[in-house]
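Each chain, written out:
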Amino acid sequence: MLYRDIKKCFKIYFIIGFVFLVLSVFSRVVVAESYNVSHQEINTIRSFGEYKFSFLIVFTGAFLLAALSSMLDVLLVKKMMKNRSLGTILLTGILVQSAMIVLVIHFMTGFYQKLMYAISGSPANQLKFTDVLFVLIHLILAIVLSKFVIEMERKIGSGNLWKVLIGKFFKPHVEERIFMFIDMKDSTTFAEKIGHLEFSKLLQNCFMEFAVVHQFHAEIYQYVGDEVVISWSPEKGFKNNNFLKAFFAFSKIMQAKSDYYEKQFGIRPYFKAGANIGPVVITEVGDIKREIVYHGDTLNTASRIQDMCNRLGAQLLISEKLHDQMTNQDNYEINNVGSICLKGKEHEVDLYEIKLS
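Everything quoted here is computed from the prediction, not taken from an experiment. (Residues numbered from 1 in each chain as written. Predicted model: local features only at pLDDT ≥ 70, side-chain atom pairs only at ≥ 80, totals over all residues. Heavy atoms only, no water.)

Overall, the prediction assigns the protein a mean pLDDT of 81, with 81% of residues at 70 or greater. Confidence scores differ between elements of the protein, with helix α2 (residues 39-49) showing the lowest mean pLDDT of 46 and strand β6 (residues 316-319) the highest of 95. Note that residues 38-42 has pLDDT below 50 and, in this model, five contacts with residues that lie over four places away or in other chains. Contacts of residues 44-49 to residues separated by more than four positions or lying in other chains number 20 contacts, the stretch itself having pLDDT below 50. (pLDDT = per-residue confidence, 0-100. Helix = DSSP H or I, 4+ residues; strand = E, 2+ residues; numbered from the N terminus. Contact = heavy atoms within 4.5 Å.)

Attention now moves to the pairing of strand β8 (residues 349-356). The buried fraction of β8 is high, at six of eight residues. Across three bridges, β6 lies against β8 in antiparallel orientation. Residue pairing across strands places L317 opposite E353, the latter belonging to β8. Where strand β7 (residues 332-340) meets β8, eight bridges bridge the pair, whose relative direction is antiparallel. In the sheet register, E333 faces β8, and the bridge partner there is K355. (Buried < 20%, exposed > 50% of the residue type's maximum accessible area, 1.4 Å probe, protein only. Pairing = 2+ DSSP bridges.)

Inspection of the secondary structure puts S251 in helix α10 (residues 242-256). Given the relative accessible area of 14%, S251 is considered buried. Here Q315 takes part through its side chain, which lies 3.3 Å from a polar atom of the side chain of S251. (Polar contact = N/O pair within 3.5 Å; in protein donor to acceptor, adjacent residues only side chain to side chain.)

Following both chains from N to C, one finds helix α8 (residues 196-208) and helix α11 (residues 258-265) inclined at 160°, their axes separated by 11 Å at the closest point. Here α8 is positioned roughly antiparallel relative to α11, judged by the angle of their axes. Crossing geometry of α8 relative to α11 is assigned as right-handed. Where α8 approaches α11, its residues E198, K201, L202, N205 and C206 are matched on the opposing element by Y260, Y261 and F265. Of the residues belonging to the contact of α8 with α11, the class tally is five nonpolar, one polar and two charged. (Axes fitted to C-alpha atoms, helices over the stretch in contact; angles between N-to-C directions. Parallel < 35°, antiparallel > 145°, perpendicular 65-115°, else oblique. Left-handed = near helix turned anticlockwise from the far one by under 90°. Nonpolar A, V, L, I, M, F, W, Y, C, P; charged D, E, K, R; others polar.)

To continue, consider the layout of surface pockets. The computed volume of the second largest pocket comes to approximately 280 Å³. At six residues, α10 tops the list of elements feeding residues into the lining of the second largest pocket. For the lining of the second largest pocket, the residue count by class is seven nonpolar, four polar and two charged. (1 Å grid on protein atoms, 1.4 Å probe; cavity = no way out; pocket = protein on both sides within 12 Å on 5 of 7 lines; lining within 4 Å. Points joined across faces, edges and corners; volume = space filled by probe spheres on them.)

Residues L316 and I318 line one face of β6 and the alternating positions L317 and S319 line the opposite face, and both faces are buried. Where strand β4 (residues 271-285) and β6 come together, three bridges link them in parallel fashion. Note on β6: the bridge partner recorded for A273 is L316.

Residues I15, V19 and L23 make up a contiguous nonpolar surface patch of roughly 270 Å² in combined accessible area. As for its placement among the helices and strands, V19 is situated in helix α1 (residues 2-34). (Patch = residues over 30% accessible without salt bridge, like charges linked within 9 Å, V, L, I, M, F, W, Y side chains within 5 Å. Areas by Shrake-Rupley, 256 points an atom, 1.4 Å probe, with all protein chains shown as cover. Salt bridge = Lys/Arg side-chain N within 4 Å of Asp/Glu carboxyl O.)

This part takes up the pattern of salt bridges. Scanning all chains against the criterion turns up nine salt bridges. A salt bridge links R268 to D259, with the shortest nitrogen-to-oxygen separation between them at 2.9 Å. Here E353 makes a salt bridge to K355, at a shortest N to O gap of 3.8 Å. E353 sits in the buried class, given a relative accessible area of 12%.

On to the packing of helix α7 (residues 187-194) against α8, then. Put simply, α7 and α8 touch, their axes get as near as 6 Å, and they point 125° apart. Here α8 runs oblique to α7, going by the angle between their axes. The residues of α8 that touch α7, namely those facing S187, F190, A191 and I194, are H196, E198, F199 and L202. Residues of the contact of α7 with α8, tallied by class, amount to five nonpolar, two polar and one charged.

Attention now moves to α7. Among all positions in α7, only S187, F190, A191 and I194 are buried. The buried residues of α7 occupy one face: seen down the axis, they fall within an arc of 100°. Facing away from the buried side of α7 by over 90 degrees, the exposed positions are T188, E192 and K193. Elements in contact with the buried residues of α7: β1 (173-184), α8 and α11. Of the residues flanking the end of α7, it is G195, one or two places downstream, whose phi is positive at about 90°. (Arc of directions from axis to C-beta.)

And the structure:
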């Protein structure tokens, strides 16, 4: 999971960092020539900005910046800022990584001097303070923009920011999706027992554990009360039975931490789930607050299937359609619980209970 998070952050930091480094080089040249900087300084700038190996320098700098920034973001800042406000996360991340940028600049100026000496055989022109300042400013701007993009991705879902920018969701369109509704059993009783404030803290803790589903390519669609709705494309969901592995991985974490929840909140939370596959309409709605939403009977059926878990004493139920498309049923105990009349449905639906074997 850490590898995937670092890889995702690295792509964002590298692309934005590379663009801003290129901008810093050419903007420095433009400013120097526009304000009649001395001939010696212009030569220094040009040796850095127009030399045929400058691309290598910029690429190396962007790569180093992205590698360090992504590791800092995932391994340090994200853990330090757990359960903190977005503003605090952004500010802390920018300050920490700005300090790191100073080290990157120091390394890159030394690397530039050595590279130029190795190529030309003579010492390179010393970079002026203004040269370094230009690069520093652009790198900090790159960090600010990268952090904003990363946090927006976490806010609206991985991969959705670009789709929103190009207007992919503006017009409704149909997609085939797997949906799973995951709900806490006896949540009303728990809320009355420990109080709504403590119950809200309990949910915060439980929902933080949902990060594990990212390992199995799940997209968290929404949180509704004590319920979480997650989704997959068929390709990602059926691959290695990711839609099943995601739920059981989360359940395993909750079971392992049951003593902690018992000690902290006086209860042991237990989650049940229902899943279905079918066509859904996806679009963007709202004006004052915009949101990406899914519509269709596929979601309603998945929700109704989850409701049947209490009645049937099951932890995970899936529809017949979803069961029939599974390619590998090893490692699972699968039982047909019969045709069930779901609330609001005209026809009965065959359901299957899934357990780890």
